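Observations on the model geometry
As a plain string of letters, each chain reads:
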Amino acid sequence: MCGIVGYIGEENATGIIIEGLKKLEYRGYDSSGIALCTKENKLLVRKKKGRIANLEKMIKGEDLTANLGIGHTRWATHGAPSDVNAHPHTDMSGKIAVVHNGIIENFMELKKELTEKHGVEFKSETDTEVVANLIGVCYEEEKDLEAAVYKALKRVRGSYGLGVVCADEPDKLVAARKDSPLIIGLGKRGNFIASDIPAVLKYCRQIYLLENNEMAVIKENDVKIYDADHKEVQREVFNVTWDADAAEKEGYEHFMLKEIHEQPDGIRDTLVRRMDDDGEIVLDGINLTKEDIENFDKVYIVACGTAYHAGLIGKYAIEKLAKISVEVDVASEFRYRDPFIDDKTLFIAISQSGETLDTLAALREAKKKGARVLSVVNVVGSSVARESDDVFYTWAGPEIAVASTKAYTTQLVCMYMIGLYMGRKKGIVSDETYRKYIDELMAVPEKVSKILDQEEKIADIAKKLYTKNGVFYIGRGIDSAVSYEGSLKLKEISYINSFAIAAGELKHGTIALIEQGTLVIAIATQDKLFEKMLSNIKEVKARGAFVMAVAKEGNTAIEEESNEVIYIPQCMDEITPLLSIVPLQLFAYYVARNRGCDIDKPKNLAKSVTVE
Ligand code: M6R
């Protein structure tokens, strides 16, 4: 959610930092700001509530020339969105400026001490201003920024990605991280810090990933990284291979639409990169042996939002293929119910960003209890990936739109592959079943493309229905899991109140809400449950519902019961979620577009939720 960019080098920092912050806008924010250290030892701080455009307007025409600076996009945690709460924050002397991602847990106690002992008068409600002042007090004692940051961080509890500058030391930028991502970019005409790689990709492809409890001193031509004991550590350079253009819209009106269209490639990449020439699944970087797999007596899948919905499908896939009991939990609840976990548990964390704090906290809890942790993650080198025993990377490419689409379908592919891999190792998936799954999965990208060809038809349906106020998504079996994701897509980007429920549950209460004109979206792709779904559709139709159905090609009986039908290509029942979600994503997109919503950055939402 919050974003950090910093620069030190030959160029003017202002433009570079603002440009970098714009690359992080997709993470969601409510204010932005910049602090610059001039050669004349002046610290200039400018910050503004709202979009970065507001900040740009504010500084237009000002001479803000400096070779060192830090910038931030803030998503409010302590204190409301406002100019004064925006980062950077300065210490009382006005010499030191800090940008911070994360939460300082002991900020109240530190604030009290700084007020009572050092006479600090705070301007904002933020925990970050406490850090700035703590560093300021340490600077008075140490007369050296590096030493002051090191000393101050010893007193801090919580999570942070930090960028610190000091007017008296315009030759350096100090950075630190704990449980909040921070990278150092190595450029030709200077060096960078950033919370996310896209912010600096235009200038550098070589980066250092800062580890937990590390700090770094970054100069124009030099970077030094130190561990928690302030001993210098050597870090391997990480080369970013993905293209900066991959993070741009490429002609699509919104990132979400572009990402929906990227699904055939993402699914294909996720599949084929793990398949050898004989079509056998090779899980590179995953050391789950036959013995490990046979030792597991249960699997927990834990995630949030869309990733959690992928986990629901994972349950079906892994239970069926690997014959092992799977529990799926939302990460924010997992820790608080004392789950029964031991060294016979396989814990699977699913996360696009790999930075979702709830998922990370659940992972840590599971690890503490002895579970083997396998994560399914899109962002390479993210916290979830780094803290897992094994990582199964999705190959979705950068996902910018807040609404997750291609991450979901690639996560589903991983679920099927993990199920197949485990079943195969246990010797319970026959060659015939295995081949059938692989053939069906390999055909998915082509079938998704066929669904995407129906975009115009789906846009037309959306045009007729976008004014609906309440929408129900229903399905049976694996379709009910898809209905949750379809409903989430619609509500998060169109702000329509939508609700998903297993179709068989309707009659136990919810059907009372169906009235003349209520929109019901019925996912009816399961051959074995098709008749039952038809009955459910009849039930809601009888109460006046307008029904839009998603069904497999050929199951035309549904046309008689529904007002609109979108067909997906024929495939085995078990893998329909990979297809049936696509029309639901497009439908949500076009409904939101008709309603004039800010599709890529829906209100109140952030791409990466790094607070509990
Ligand atoms: O990065 P993660 O996959 O861990 O994020 C989890 C959820 O916040 C995320 O899936 C969210 O529900 C989606 N952005 C919704 O489209």
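As shown above, the structure is provided for reference.
Since this is a predicted model, take the numbers as computed values, not measurements.

Turning next to the sheet that holds strand β13 (residues 222–226). Taken in spatial order, the seven strands line up as β5-β6-β7-β8-β12-β13-β14 in an open sheet, and their pairing is antiparallel. Edge positions in the open sheet fall to β5 (89–90) and β14 (232–233), since each of these has one partner strand only. As defined by bridge partners, strand β6 (residues 96–101) adjoins strand β7 (residues 160–166) across six bridges and the pair is classed as antiparallel. Looking at the pairing, Ala97 lines up with Val165 of β7. Taken strand by strand, helix α4 (residues 127–142) contacts β5, β6 and β7, and its axis lies near 140 degrees from that of β6. Strands in contact with helix α5 (residues 145–153) are β6, β7, β8 (173–178), β12 (214–219) and β13; relative to β7, the strand with the most contacts, it is inclined by about 145 degrees.

What follows concerns the site of the ligand. Around the ligand sit 13 residues, and of these Ser351, Gln352, Ser353, Thr356 and Glu492 come closest. Measuring from an oxygen atom of the ligand, one finds a side-chain N or O atom of Thr356 at 2.4 Å. Notes on the ligand: free accessible area 410 Å², of which the protein chains cover 91%. Elements with a minimum of two residues in the shell around the ligand: α9 (305–322) and α16 (478–494).

A few words on the sheet that holds strand β18 (residues 345–351). Taking strand neighbours across the sheet as the criterion, the five strands line up as β17-β16-β18-β19-β20 in an open arrangement whose pairing is parallel. Both edges of this open sheet fall to β17 (326–330) and β20 (390–393), since each of them pairs with a single strand only. Recorded for the sheet is a direction-independent mean angle of 20 degrees between the axes of neighbouring strands. With five bridges connecting them, strand β16 (residues 298–303) and β17 associate as parallel partners. Paired with Tyr300 across the two strands is Glu327, which belongs to β17. Most of the contacts of α9 go to β17, to which it runs at about 175 degrees, and overall it touches β16, β17 and β18. The strands touched by helix α11 (residues 357–368) within the sheet are β16, β18 and β19 (372–377), with β18 carrying the most contacts at an inclination of about 165 degrees.

Here Ser351 shows up in strand β18. If we ignore the near neighbours within four places in the chain, the residues touching Ser351 are Ala307, Thr356, Thr359, Val376, Val377, Asn378, Val384 and Gln411.

Quick look at the pattern of salt bridges now. Close approach of charged atoms allows side chains of opposite charge to pair. Under the definition given, this model contains 47 salt bridges. Here Lys224 makes a salt bridge to Asp222, at a shortest N to O gap of 3.3 Å. Its salt-bridge partner being Asp573, residue Lys528 comes within 3.7 Å of it at the nearest N-O pair. Note that Lys528 is positioned in the loop between β23 (519–524) and α17 (530–542) and Asp573 in the loop between β25 (564–568) and α19 (577–594), a separation of 45 residues in sequence. With relative accessibility at 63%, the residue Lys528 sits in the exposed group.

Attention now moves to the nonpolar core. Counting residues in each nonpolar core, the largest one holds 94 residues, and the members touching the most others are Ile348, Tyr416, Met422 and Phe587. At twelve residues, α19 tops the list of elements feeding residues into this core. Contacts of Phe587, omitting those with residues within four sequence positions, involve Ile458, Ile461, Ala462, Leu465, Tyr473, Leu490, Leu519, Ile521 and Met548. Residues Leu114, Val131, Ala152 and Cys166 belong to the second largest nonpolar core, which totals 30 residues.

Moving on to the packing of aromatic side chains. Scanning the model with the defined rule gives six aromatic pairs in all. Between Tyr300 and Phe334, the ring centres sit 5.6 Å apart and the planes meet at 75 degrees, which makes this aromatic pair edge-to-face. On the criterion of sequence distance, the pair formed by Tyr300 in strand β16 and Phe334 in helix α10 (residues 331–334) is long-range, its members being 34 residues apart. One exposure class covers both Tyr300 and Phe334, and it is buried.

When strand β21 (residues 470–475) meets strand β22 (residues 497–502), the two strands line up parallel, connected through six bridges. In the strand pairing of β22, Tyr473 is matched with Ala500. In this view, the connection linking β21 to its parallel neighbour β22 by way of α16 has right-handed handedness.

Quick look at the environment of Tyr203 now. Position of Tyr203 among the secondary structure elements: in the loop between β10 (190–194) and β11 (206–209). On a C-alpha basis, the gap between Tyr203 and Lys188 in space is 7.7 Å, while along the polypeptide they are 15 residues apart. Setting aside residues no more than four positions away along its own chain, Tyr203 makes contact with Ile16, Glu19, Gly187 and Phe192.

Relative to the 22 Å expected for 16 residues at 1.5 Å per residue, α4 spans 23 Å between its end C-alpha atoms, a close match to the ideal helical length. Regarding α4, its N-cap is Thr126, as a side-chain oxygen of that residue lies 3.2 Å from the backbone nitrogen of Glu129 further along. Two residues or fewer past α4, Lys143 is found with a positive phi of approximately 55 degrees.

The amide bond that connects His87 to the next residue, Pro88, takes the cis arrangement and shows omega of 0 degrees. Relative to the helices and strands, Pro88 is located in the loop between β4 (68–74) and β5.

Turning to the environment of Gly477, a few remarks are in order. Within the fold, Gly477 resides in the loop between β21 and α16. Exposure remark for Gly477: the relative accessible area of 28% places this residue in the partly exposed category. Along the chain, Gly477 and Gly504 lie 27 residues apart, while their C-alpha atoms are 9.7 Å from each other.

Note: disulfide means a covalent bond formed between the sulfur atoms of two cysteine side chains. One pass over the structure, following the stated rule, counts zero disulfides. Summary of cysteine pairing: Cys37 is not part of a disulfide, and the nearest cysteine sulfur, belonging to Cys166, is at 6.9 Å. Just so you know, Cys304 is unpaired, no disulfide at all, and the nearest cysteine sulfur is the one on Cys414, 17 Å from it.

Thresholds, definitions, all that
- Residues numbered from 1 in each chain as written.
- Predicted model: local features only at pLDDT ≥ 70, side-chain atom pairs only at ≥ 80, totals over all residues.
- Heavy atoms only, no water.
- Pairing = 2+ DSSP bridges.
- Helix = DSSP H or I, 4+ residues; strand = E, 2+ residues; numbered from the N terminus.
- Contact = heavy atoms within 4.5 Å.
- Axes fitted to C-alpha atoms, helices over the stretch in contact; angles between N-to-C directions.
- Near = heavy atom within 4 Å.
- Polar contact = N/O pair within 3.5 Å; in protein donor to acceptor, adjacent residues only side chain to side chain.
- Areas by Shrake-Rupley, 256 points an atom, 1.4 Å probe, with all protein chains shown as cover.
- Salt bridge = Lys/Arg side-chain N within 4 Å of Asp/Glu carboxyl O.
- Buried < 20%, exposed > 50% of the residue type's maximum accessible area, 1.4 Å probe, protein only.
- Core = buried A, V, L, I, M, F, W, Y, C linked by side-chain atoms within 4.5 Å.
- Phe/Tyr/Trp six-rings, centres within 6.5 Å; stacked < 30°, edge-to-face > 60°.
- Right-handed = clockwise from strand over helix to strand, strands pointing away.
- Expected span 1.5 Å × (residues − 1).
- Disulfide = S-S within 2.5 Å.

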